[in-house]
Amino acid sequence: MVILEASKISKTYGNKLNKQEVLRALDLQVNKGEFVSIMGASGSGKTTLLNVLSSIDRVSQGTIQIEGQNLNQLKEKQLAEFRKQHLGFIFQDYNLLDTLTVKENILLPLSVQKVKRKVADDKFKAVAEELGIWDIQNKYPNEISGGQKQRTSAARAFIHEPSIIFADEPTGALDSKAASDLLNKLSELNTKRATSIVMVTHDPLAASFSERVVFIKDGQIYTQLNKGDQTRNAFFNDIIKTQGVLGGIQHDA
């Protein structure tokens, strides 16, 4: 079942005299429960793609549908309501509120939805235990490690059971162990909860945790790799080879 469908989407910045076309008539589908990574060289358009797919930005042309809802047709207030109900976000810089505890940060999406306290506490317990942060629930962001912050961010993204989660370089600020821990947890939650994940990354190791990798070049899909029955190590090697063909992937832009 297709949960996200982008059809002939384009994104242009500037005016007629100085126009920059970042995305060019791009098509993409994501299935329910699928874990997809988006990769590409600096300036390829991968961050712009994530931004328009996640409704942070709007396309110049084309349509994006999530759960059958055409995002182009929604006004800002309707779009904000749709995000609250259906979308989750994980950012590289965590986006946690320093004045709130780990638990309070995670519960924010449910507070906005005015979910009853008992239901919210049950959901918090489940996701905090799944992500291994139950024991730090009363700590503040400045009292925990980067890995714990990102797992808190992931818990906040999952707690309201969204249809799809968008992750922008979620391991970019983490050391290798914390990154692997987070990716293992994301992979487990993706399988257990059947929540779709679309992740932008420049790291082939991070991408190897997904089921499919979409490579962007010059605002279009260059190629795609499907993991299939491969081991993660074999998939990682395929990703590295494709990176080589693209001339290497630098930093996000």
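Computed from a prediction, not measured in an experiment: that's the story for all the values here.

Turning our eyes to something else, we now look at the packing of aromatic side chains. Evaluated as defined, the whole model comprises three aromatic pairs. Feature note: the residues Phe89, Phe91 and Phe166 constitute an aromatic cluster, connected by ring pairs. Taking the ring centre of Trp134 as reference, the NZ or CZ of Lys125 above it sits at 5.7 Å. Geometry around Phe209 places Arg232 over its ring, the cationic atom sitting 3.9 Å from the centre.

All right, on to the sheet that holds strand S10 (residues 220-226) then. Backbone hydrogen bonds hold the strands of a sheet together, and the pairing may be parallel or antiparallel. Taken in spatial order, the six strands of this open sheet run S6-S7-S8-S3-S9-S10, and their pairing is mixed. Only two strands of the sheet have a single neighbouring strand rather than two, namely strand S6 (87-91) and S10. Mean inter-strand twist for the sheet, computed between neighbouring axes without regard to direction, equals 20°. Where strand S3 (residues 35-40) lies against strand S9 (residues 212-217), five bridges are found, and the strand directions are parallel. Note that in S9 the partner of Ser37 across the bridge is Val213. Against the sheet, helix H6 (residues 176-193) contacts S3, S6 and strand S8 (196-200), and its axis sits at roughly 150° relative to S8.

A few words on helix H1 (residues 46-53). Across the eight residues that make up H1, a large majority, seven, are buried. By the burial criterion, the buried members of H1 are Lys46, Thr47, Thr48, Leu49, Leu50, Val52 and Leu53.

Quick look at the side chain of Arg151 now. You can see Arg151 is positioned in helix H5 (residues 146-158). One buried charge, Arg151, has no salt-bridge partner; the nearest side chain with opposite charge is Asp181, at 5.2 Å. Not counting chain neighbours up to four residues away, the residues in contact with Arg151 comprise Leu131, Gly132, Ile133, Leu182 and Lys185.

Across the sheet, four strands lie side by side as S2-S1-S4-S5; this open sheet has antiparallel pairing. Each of the sheet's edge strands pairs with one partner strand only, and the pair in question is strand S2 (19-31) and strand S5 (69-70). The pairing of strand S1 (residues 2-14) with strand S4 (residues 61-66) spans five bridges and is classified as antiparallel. Residue Ala6 lies in a different strand from S4, and its bridge partner there is Ile64. Against the sheet, H1 touches S1, S2 and S4, its axis set at about 120° to S1.

Once that is clear, we can look at the pattern of salt bridges. Under the criterion given, the structure shown has 13 salt bridges. Its salt-bridge partner being Lys11, residue Asp57 comes within 3.3 Å of it at the nearest N-O pair. Of this pair, Asp57 sits in the loop between H1 and S4 while Lys11 sits in strand S1, placing them 46 residues apart in sequence. You can call Asp57 partly exposed: its relative accessible area is 24%. Looking at Lys11, the relative accessible area reads 10%, which means it is buried. The residue Lys123 makes a salt bridge to Glu161 at a minimum N-O spacing of 2.9 Å. Linking Lys123 in helix H4 (residues 117-130) with Glu161 in the loop between H5 and strand S7 (164-168), this pair joins segments that are 38 residues apart in sequence. Judged by its relative accessible area of 23%, Lys123 falls in the partly exposed class.

Cut-off values and rules
Residues numbered from 1 in each chain as written. Predicted model: local features only at pLDDT ≥ 70, side-chain atom pairs only at ≥ 80, totals over all residues. Heavy atoms only, no water. Phe/Tyr/Trp six-rings, centres within 6.5 Å; stacked < 30°, edge-to-face > 60°. Lys NZ or Arg CZ within 6 Å of the ring centre and 35° of its normal. Pairing = 2+ DSSP bridges. Helix = DSSP H or I, 4+ residues; strand = E, 2+ residues; numbered from the N terminus. Axes fitted to C-alpha atoms, helices over the stretch in contact; angles between N-to-C directions. Contact = heavy atoms within 4.5 Å. Buried < 20%, exposed > 50% of the residue type's maximum accessible area, 1.4 Å probe, protein only. Lys, Arg positive; Asp, Glu negative; His and termini not counted. Salt bridge = Lys/Arg side-chain N within 4 Å of Asp/Glu carboxyl O.

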